[in-house]
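Structure at a glance
Now for the letters of each chain:
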Amino acid sequence: IKRRFSQGTFRNIRGPSKQSWWSGNLQQLIDPDCWAFHDRVTQDYGGVVKIHGLFGHDHLLIFDPLALYYMLIREQSVYQEYNIFLQINRLLFGMGIISTRGEHHRKQRKLLNPAFSTSNIRAMFPAFRETILQLRRILESHVHDSHPVDIQAFMTRLSLELIGKSGLGYQFNSFDDSSLGDPYARSIKNLLPTVFSLSIFLLLTPVVCNIGTAEFRRTVINVIPWPALHEIRDMVDTMQATSVKILAAKTRDIPFADGFGEEQIKGRSDVMSILLRANNSASESERLPESEIVAQMSSLVFAAMDTTSGALSRLLFVLAEHPEAQCKLRVAIAEARQANGGELNFDDLASIPFLDAVCRETMRLYPPVNVVHRTAISDTVLPLMSPISDVNAKELTQIVVPKGTNLVVSILAANTNRAIWGEDATLWRPERWLQPLPQTVTESRIPGVYSHLMTFLGGPRGCIGFPFAQLAMKATLTLLLETLSFSLSNEQVVWKLHMVASPTVDGQLRLPLLVSRNIEQV
Ligand code: HEM
């Protein structure tokens, strides 16, 4: 009853009719094949859409640029992550950057930020290069068979190696194995599907977290005969033990109280070493305890792995779909290489306009993360850039948002909004980035960290790893396309949303592409 009254203010906002009496449209929103639903919803109603939620708790789906600016920047403190999302993250990863909010989050982010500065990302470039060249040699060994290569599997391993070496200063050696051999890597990879298999019981997390001590809860988990729960317990244990081991190896067991092994981390450019340096020199009140340092490791690998792998797989898939663009990109890279004396360094990657255009356009049209969720923690008002009409055809220029409203930021809709990007918004056209963007793009206050795009979100909770991901995309394309070509196989690839958009064949995670050596290389 309370919900009915408090949501009265946005009851008149238009949206699709509910699909289920209890889950409204939520299943459609998170369905692995949600693309048509998103397309319809975002075309039919304007920048704010009412989505029916659980038991009549309606949500607002937002992609109006001004509303997004208010949500993510101007009134960011009002729009917080779901409590349940933070609590689940705490149980899985500890008190890392994806588990905290407010002042606690600000403190962690401030210490992590220097690791993603341009100068530090530049210092990571040799490690990126070495890892990608290692992958290239493996792919080159596959060119003799006419069988397609599962690029998805290789991109997952590549992402893991990149975040392992340059994130943790740790080598997973995942190219050596036919599966993701490292138990830590396997745990991170299988974690989400196993967690989601708990389905509706996940909603009990906030209640369960308040029952007894951690030891008591663990004893209860041990005796409940539920295999998925036991698998999650074991994965969490593996992640925790490995993170502690990596940290100990990094600092050669120098006790925390004495500062984290200054000598061992000196001059290292991986994210964790830089975090440790920043933490050592932070004032007492700003310093993170050891448990929070450990928690950053799995948080970072988790945030980086599937997103980066999804982005790299998508780039190679799109280039396989557009052989002429692949050719043009290869020529642009070769010319840049020639102009720079044969080898491209970090700064040269920024000076290849078509490479930049391909990455931006692919991340615009195919953002690996489709939506993110927020809750309003106090009553507020969202102004709109483009007014919408409600069910009574009344024009609304702002929306009253009562405390407790759940909001869904539609990254995909913001990136493909025809009113902003033009009639060709849903076409892959990298050339749009080689000319001035339309005024509708440049003048709307889209709050993204990346080129007017919401792909990496924006504001204080935008993707901290964006420069890392951008280097991964550019370095992978320049090094792989130098000797290899990618083309489509006969198998039908379907992209499914499993939190992150991933390629599948017959329901299995796979991206079969034909890989051949470039003519001039043969
Ligand atoms: C193409 C690749 C990537 C995409 C599309 C992406 C996208 C995003 C998005 C949309 C968010 C906001 C999530 C939310 O608010 O619920 C986010 C947050 C985050 N990302 Fe990324 N990400 C990528 C790669 C990376 C990498 C490589 C790293 C680390 C090296 C990383 C680390 C993080 C972290 C730690 C956060 C949480 C930031 C915070 O809460 O302050 N991401 N990312």
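Predicted model only: the values in this text are computed from it and were never measured. (Residues numbered from 1 in each chain as written. Predicted model: local features only at pLDDT ≥ 70, side-chain atom pairs only at ≥ 80, totals over all residues.)

A short note on the overall build of the protein chain
We count it as follows: By definition, any uninterrupted DSSP run of H or I lasting at least four residues is a helix, any uninterrupted run of E lasting at least two residues is a strand, and each is numbered from the N terminus. The size measure is the radius of gyration over C-alpha atoms, and the globule rule it meets is 2.2 Å times the number of residues to the 0.38 power. Residue burial here comes from a neighbour count, namely the number of other C-beta atoms, placed from the backbone, that lie within 10 Å of the residue's own C-beta, with 20 or more meaning buried, 12 or fewer meaning exposed, and in between meaning partly exposed. The contact rule is simple: place each C-beta atom from the backbone, and if two of them lie within 7 Å, those residues are in contact.
A tally of regular secondary structure across the protein chain gives 22 helices and 13 strands. Relative to the 2.2 N^0.38 estimate, which gives 24 Å for 522 residues, the radius of gyration of the protein chain is 23 Å and therefore close to what a compact globule would have. Dimensions of the protein chain along its principal axes, counting C-alpha atoms only, are 70 × 55 × 45 Å. Per-residue burial for the protein chain yields a buried fraction of 42% across its 522 residues. Sequence separation of 24 or more characterises 71% of the internal contacts of the protein chain that already satisfy a separation of 6 or more.

Observations regarding unusual backbone geometry
Despite not being glycine, Ser451 has its phi angle at roughly 50°, a positive value. As for its position among the elements, Ser451 is in the loop between helix H21 (439–443) and helix H22 (466–483). Not every positive phi belongs to a glycine, and Leu457 is a case in point at roughly 55°.

Considering H22
For clarity, the cut-off: The length a helix should cover is 1.5 Å for every residue beyond the first.
The end-to-end C-alpha distance of H22 is 27 Å, a good match for the 26 Å that 18 residues give at a rise of 1.5 Å each. Counted residue by residue, H22 has 14 buried out of 18 residues, so it is predominantly covered.

Considering the environment of Lys394
Tracing the sequence through the fold places Lys394 in the loop between strand S6 (380–389) and strand S7 (395–401). By C-beta crowding, Lys394 is classed as exposed, having 10 other C-beta atoms within 10 Å. Taking the C-alpha atoms as reference, Lys394 lies 9.3 Å from Asn12; in sequence the two are 382 residues apart.

Here we look at the UniProt feature "binding site: heme" (unreviewed entry) in the protein chain
This is how it is decided: UniProt positions are given in the numbering used here, feature names are shortened, and annotations may be inferred rather than shown by experiment.
UniProt marks Cys463 with the feature "binding site: heme" (unreviewed entry), using the numbering shown here. The contacts of Cys463, once residues within four sequence positions are left out, are Val449, Phe456 and Leu457.

Brief notes about the environment of Asn120
With respect to the secondary-structure elements, Asn120 resides in helix H7 (residues 118–140). Note on Asn120: 18 C-beta atoms within 10 Å, which makes it partly exposed. Along the backbone, Asn120 and Ser269 are 149 residues apart, and their C-alpha atoms lie at a distance of 6.3 Å. Dropping the residues within four chain positions of it, Asn120 is found in contact with Pro114, Ala115, Ser269 and Ile274.

Things to note about the sheet that holds strand S11 (residues 500–505)
Test applied: Any two strands between which DSSP finds at least two bridges are classified as paired.
Ordered by their spatial adjacency, three strands build an open sheet running S10-S11-S12, and the pairing between neighbours is antiparallel. One side of each edge strand has no neighbouring strand; the edge strands of this open sheet are strand S10 (494–498) and strand S12 (508–509). For S11 and S12, the ladder comprises two bridges, and the chain directions are antiparallel. From the neighbouring strand, Thr504 faces S12, where its bridge partner is Leu509.

Some points on helix H6 (residues 102–112)
So the rule is basically this: In this description, the arc belongs to the directions extending from the helix axis to the C-beta atoms.
Within H6 the residues assigned to the buried category are Gln108, Leu111 and Leu112. Taken down its axis, H6 places every buried residue within 100° of arc, on the same side. In H6, those exposed residues whose orientation departs by more than 90 degrees from the buried face are Gly102, Glu103 and Lys110. As for H6, its buried residues are in contact with helix H14 (271–280) and helix H15 (290–321).

Concerning the site of the ligand
Test applied: Nearness here has a simple definition: the residue's C-beta atom, placed using the backbone, must lie within 6 Å of the molecule or strand. Three classes are used, and their members are as follows: Ala, Val, Leu, Ile, Met, Phe, Trp, Tyr, Cys and Pro are nonpolar, Asp, Glu, Lys and Arg are charged, and the others, Gly among them, are polar.
Taken together, 23 residues form the shell around the ligand, and within it Ala303, Ala304, Thr307, Cys463 and Gly465 come nearest. Top element by residues in the shell around the ligand is H15. It accounts for six residues. Here the residues of the shell around the ligand are counted per class, giving 16 nonpolar, five polar and two charged.

Some points on the packing of helix H12 (residues 227–251) against H15
Basically, it comes down to this: Note on geometry: axes are lines fitted to C-alpha atoms, helical ones only across the stretch in contact, with angles between N-to-C directions running from 0 to 180 degrees. Note that the term roughly parallel is reserved for angles under 35 degrees, roughly antiparallel for angles over 145, roughly perpendicular for angles of 65 to 115, and oblique for everything else. Here a crossing is called left-handed whenever its near helix is offset anticlockwise from the far helix by less than a right angle, and right-handed whenever the offset is clockwise.
Between H12 and H15, the least distance of the axes is 9 Å, while the angle of their chain directions is 115°. By the angle between their directions, the pair H12 and H15 is classed as roughly perpendicular. Helix-helix and strand crossings are classified by hand; for H12 and H15 the assignment is right-handed. Contacts between H12 and H15 involve Met239, Ser243, Val244, Ile246 and Leu247 from the first element and Ile293, Val294, Met297 and Ser298 from the second. Taken together, the residues of the contact of H12 with H15 sort by class into seven nonpolar, two polar and no charged.

A look at the sheet that holds strand S13 (residues 512–517)
Within the open sheet, the three strands sit side by side as S4-S13-S9. Their pairing is antiparallel. Each end of this open sheet is capped by a strand with a single partner; those strands are strand S4 (149–150) and strand S9 (484–488). As judged from the two bridges shared by S4 and S13, these two strands associate in the antiparallel manner. Among the inter-strand pairings, Asp150 is bridged to a residue of S13, identified as Pro512. Sheet contacts for H7: S4, S9 and S13; angle to S9, the most-contacted strand, approximately 60°. Packing against the sheet, H15 makes contact with S9 and S13, and its axis sits at approximately 75° to S9.

A short note on the pairing of S7
Here S6 runs beside S7; their pairing, made up of six bridges, is antiparallel. Residue pairing for S7: Leu382 is matched across the bridge by Ile399. The turn linking S6 back onto S7 is made up of five residues, and Ala393 within it adopts a positive phi angle of 65°.

Notes on the pairing of S13
Note: S9 against S13, five bridges, orientation antiparallel. Considered in S13, the bridge of Ser487 is made with Leu514.

Focus: the confidence of the model for the protein chain
For the record, the criterion: pLDDT measures the predictor's confidence residue by residue and takes values from 0 up to 100.
Per-chain confidence: the protein chain averages 90 in pLDDT, with 93% of residues scoring 70 or above. Here residues 253–259 is modelled with pLDDT under 50, and outside its nearest four sequence neighbours on either side it reaches five contacts, counting other chains as well. Here the prediction assigns the complex a pTM of 0.94, and the interface score ipTM is 0.99.

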